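# Observations on the model geometry
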Amino acid sequence: MTTANLTLKDFTSDQEVRWCPGCGDYAILKTMQKLLPTLNRPKENQVFISGIGCSSRFPYYMNTYGFHTIHGRAPAVATGVKLANPELDVWVITGDGDGLSIGGNHMMHSLRRNLDLQILLFNNEIYGLTKGQYSPTSRLGTRSPSSPAGSIDPPLSPCAVALGAGGGFIARSIDTHSKHLAAVIGAGHAHKGTAFIEILQNCPIYNDGIFESVKDRETAADCRIEVEHGKPLVFGKNSEKAIRLNRDSLALEVVAADSADVLAHDETNPVIAQLLAAMAGPDFPVAIGVLHRQPKPSFDAAFASRKGESTEGNLAALLLSGNTWVVT
């Protein structure tokens, strides 16, 4: 196995990429293929595991090992792969429907266990592959084939869900913001434990332009804020606005950048991360970057440390080790 002279082409498969023109998945794929050679890891150690959805075609387009699994179960398969071979870099590719609806249970427990995985959740706030039904992240009023009068379901925040499940690395980026996306994914890869990265991704067919305000050069400065640990939460075309925590209401508020008590980002504080994850337009900018990072023991390390215990490989000893009865 070698890492010498790897390039984007080494991670590009011979399969025809079949996403709709303008789909944000193209940009994410290209960012990943560019990033992997920089991680100084053997190509043979990369595994991409997906569920069902447009994003789940990803393993076909990566010249690596991979599994295209079943709906919502990618984290479960990834858990088995990582425990069987801890030396592998295991990437879970999922979408807002695949990961948070039918796969919500598997997602929650992967985050809780803190296995050393990278979970990339492509969020286009719609079911694309199955023709535009509203998803767990669709906004109130979203019109779709399953909600012609507009969705009345309150949406989930993927990052808030990950935080609630005990995730130790929670981040958000944008499909076409390649430099930022690569930096966030790279930071997630360096984190020991589950790294959860929400990627705001455009679906040009069923939910086109839903993130346009945070992507367009004319509006992005006012509609998104790039958070960095230890730096004040300042945004705007001229960095004239900021985020402050109201000490009375314990809620965030937008103030002038020269105001007192402007909040500085602390990625070790899950409360700040929760508040940032919930920010949304038009009243607040959308926060991108590493929202929360807190090292803690990983499941795979604990699993490896238990190998060789006295009952290992001895079924009889395990069955008779306690809570047994003799029936006469």
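In case you missed it, the structure is sitting above this.
Residues numbered from 1 in each chain as written. Predicted model: local features only at pLDDT ≥ 70, side-chain atom pairs only at ≥ 80, totals over all residues. Heavy atoms only, no water.

## Some thoughts on the overall build of the protein
Note the cut-off: Numbering of helices and strands runs from the N terminus; a helix is a DSSP stretch of H or I covering at least four residues, while a strand is a stretch of E covering at least two. The reference for a compact globule is 2.2 Å times residues^0.38; the radius of gyration itself is calculated from the C-alpha atoms. When checking whether two residues touch, look at their non-hydrogen atoms; a contact exists if any pair is within 4.5 Å. Here the open area of atoms and residues is found with the Shrake-Rupley method and a 1.4 Å probe, where only the protein chains shown may cover a residue. Positive charges come from Lys and Arg alone, negative charges from Asp and Glu alone, with His and the N- and C-terminal ends not counted. Lys charges are placed at NZ, Arg charges at CZ, Asp charges at CG and Glu charges at CD.
On a plain count of helices and strands, the protein comes out with 12 helices and 11 strands. For a compact globule of 328 residues, the expected C-alpha radius of gyration is about 20 Å, and the protein comes in at 21 Å, within 12% of that figure. Expressed as lengths along the three principal axes of its C-alpha atoms, the size of the protein is roughly 75 × 50 × 50 Å. Relative to all contacts within the protein whose residues are 6 or more apart in sequence, the contacts with residues 24 or more apart total 64%. If you sum the accessible surface of the protein, you get close to 16,100 Å²; carbon and sulfur atoms cover 54% of it. Charge separation in the protein, taken as the distance between the mean sites of 29 positive and 32 negative side-chain charges, equals 4 Å.

## A short note on unusual backbone geometry
Between Gly 281 and the following residue, Pro 282, the backbone shows a cis peptide bond with an omega angle of 5°. As for its position among the elements, Pro 282 is in the loop between helix H10 (270-278) and strand S11 (286-293). Of note, the phi angle at Asn 40 is positive, near 55°, even though the residue is not glycine. Position of Asn 40 among the secondary structure elements: in the loop between helix H1 (25-35) and strand S1 (46-50).

## Focus: a nonpolar patch on the surface
So the rule is basically this: Only residues above 30% relative accessible area that lack a salt bridge enter a patch, with like-charged residues linked at up to 9 Å and the nonpolar side chains Val, Leu, Ile, Met, Phe, Trp and Tyr linked at up to 5 Å. Any carboxyl oxygen of Asp or Glu within 4 Å of a side-chain nitrogen of Lys or Arg constitutes a salt bridge here. Any residue under 20% of the maximum accessible area for its type is buried, any over 50% is exposed, and the rest in between are partly exposed; the area is computed with a 1.4 Å probe on protein chains only.
On the surface, Leu 315, Leu 318, Leu 319 and Leu 320 cluster together into a nonpolar patch covering about 440 Å² of accessible area. The class for Leu 318 is partly exposed, based on a relative accessible area of 45%.

## A look at the environment of Ala 304
Examined against the element boundaries, Ala 304 turns out to sit in helix H11 (residues 299-305). Each C-alpha atom of the pair Ala 304 and Pro 86 lies 8.7 Å from the other, and the pair is 218 residues apart in sequence.

## Quick notes on the packing of aromatic side chains
The line we're drawing: Here a pair means two rings of Phe, Tyr or Trp (six-membered ring of Trp) with centres within 6.5 Å. Their orientation is stacked below 30 degrees between planes, edge-to-face above 60, and tilted elsewhere. Whether a charge lies above a ring is judged from NZ of Lys or CZ of Arg, which has to be within 6 Å of the ring centre and within 35 degrees of the ring normal.
Tallying each qualifying case throughout the model produces 7 aromatic pairs. Ring centres of Trp 19 and Phe 58 lie 6.4 Å apart, and the angle between their planes is 40°; on these two criteria the pair is classed as tilted. In this pair, Trp 19 is assigned in the segment before H1 and Phe 58 in helix H2 (residues 58-61), connecting sequence segments 39 residues apart. Measuring from ring centre to ring centre gives 5.9 Å for Phe 58 and Phe 122, while their planes differ by 85°; the resulting arrangement is edge-to-face. With a gap of 64 residues between them, Phe 58 in helix H2 and Phe 122 in strand S4 (residues 118-123) connect regions that are remote in the sequence. Side by side, Phe 58 and Phe 122 carry an identical accessibility label, which is buried. These aromatic residues form a ring-pair network of at least three members: Trp 19, Tyr 26, Phe 48, Phe 58, Tyr 61, Trp 91 and Phe 122. The cationic tip of Arg 113 hangs over the ring face of Phe 299; the distance from NZ or CZ to the ring centre is 5.9 Å.

## Description of the nonpolar core
Put simply, the rule is: Buried Ala, Val, Leu, Ile, Met, Phe, Trp, Tyr and Cys residues that are joined via side-chain atoms within 4.5 Å together make up what is termed a nonpolar core.
Counting residues in each nonpolar core, the largest one holds 37 residues, and the members touching the most others are Phe 196, Ile 225, Leu 276 and Leu 291. Filtering out sequence-adjacent residues up to four positions away, Phe 196 remains in contact with Met 107, Leu 111, Ile 119, Leu 121, Pro 158, Cys 159, Ala 162, Phe 169, Ile 170 and Ala 171. By size, the runner-up hydrophobic cluster in this structure holds 28 residues, among which are Trp 19, Ile 28, Leu 39 and Phe 48.

## What to know about the environment of Gly 22
Inspection of the secondary structure assignment puts Gly 22 in the segment before H1. Each C-alpha atom, one on Gly 22 and one on Gly 289, is 24 Å from the other, the two residues being 267 residues apart in sequence. Those residues in contact with Gly 22 that sit more than four places away from it in its chain are Asn 202 and Pro 204.

## So, the sheet that holds strand S2 (residues 65-68)
Hydrogen bonds along the backbone pair up the strands of a sheet, which may run parallel or antiparallel. Defined as follows: Following DSSP output, two strands are said to pair if at least two bridges run between them. Angles here are taken between N-to-C directions and fall from 0 to 180 degrees, while the axes themselves are lines fitted to C-alpha atoms, restricted in helices to the stretch in contact.
Strand order in the open sheet made by the 8 strands is S2-S1-S3-S4-S6-S5-S11-S7, with mixed pairing throughout. Two strands bound the open sheet, and with one partner strand each, they are S2 and strand S7 (224-227). Each neighbouring strand pair of the sheet contributes to a mean axis angle of 20°, computed without reference to strand direction. Here S4 runs beside strand S6 (residues 195-200); their pairing, made up of 6 bridges, is parallel.

## Details of the pairing of S11
With respect to burial, S11 is a largely interior element, 7 of its 8 residues being buried. Sheet analysis places strand S5 (residues 169-174) next to S11, joined by 4 bridges and oriented antiparallel. Looking at the pairing, Arg 172 lines up with Gly 289 of S11.

## A few points about the sheet that holds strand S8 (residues 234-235)
If you trace the 3 strands from one edge of the open sheet to the other, you get S8-S9-S10, paired in antiparallel fashion. The open sheet has two edge strands, S8 and strand S10 (251-256), and neither has a second partner.

## Topic: the pairing of S4
Of all 6 residues in S4, 6 are buried, a share of seventy percent or more. Going residue by residue along S4, you find Gln 118, Leu 120 and Phe 122 tucked away on one face and Ile 119, Leu 121 and Asn 123 tucked away on the opposite face as well. Here strand S3 (residues 89-95) pairs with S4 via 5 bridges, running parallel. Across the sheet, residue Gly 95 finds its bridge partner in S4, namely Phe 122.

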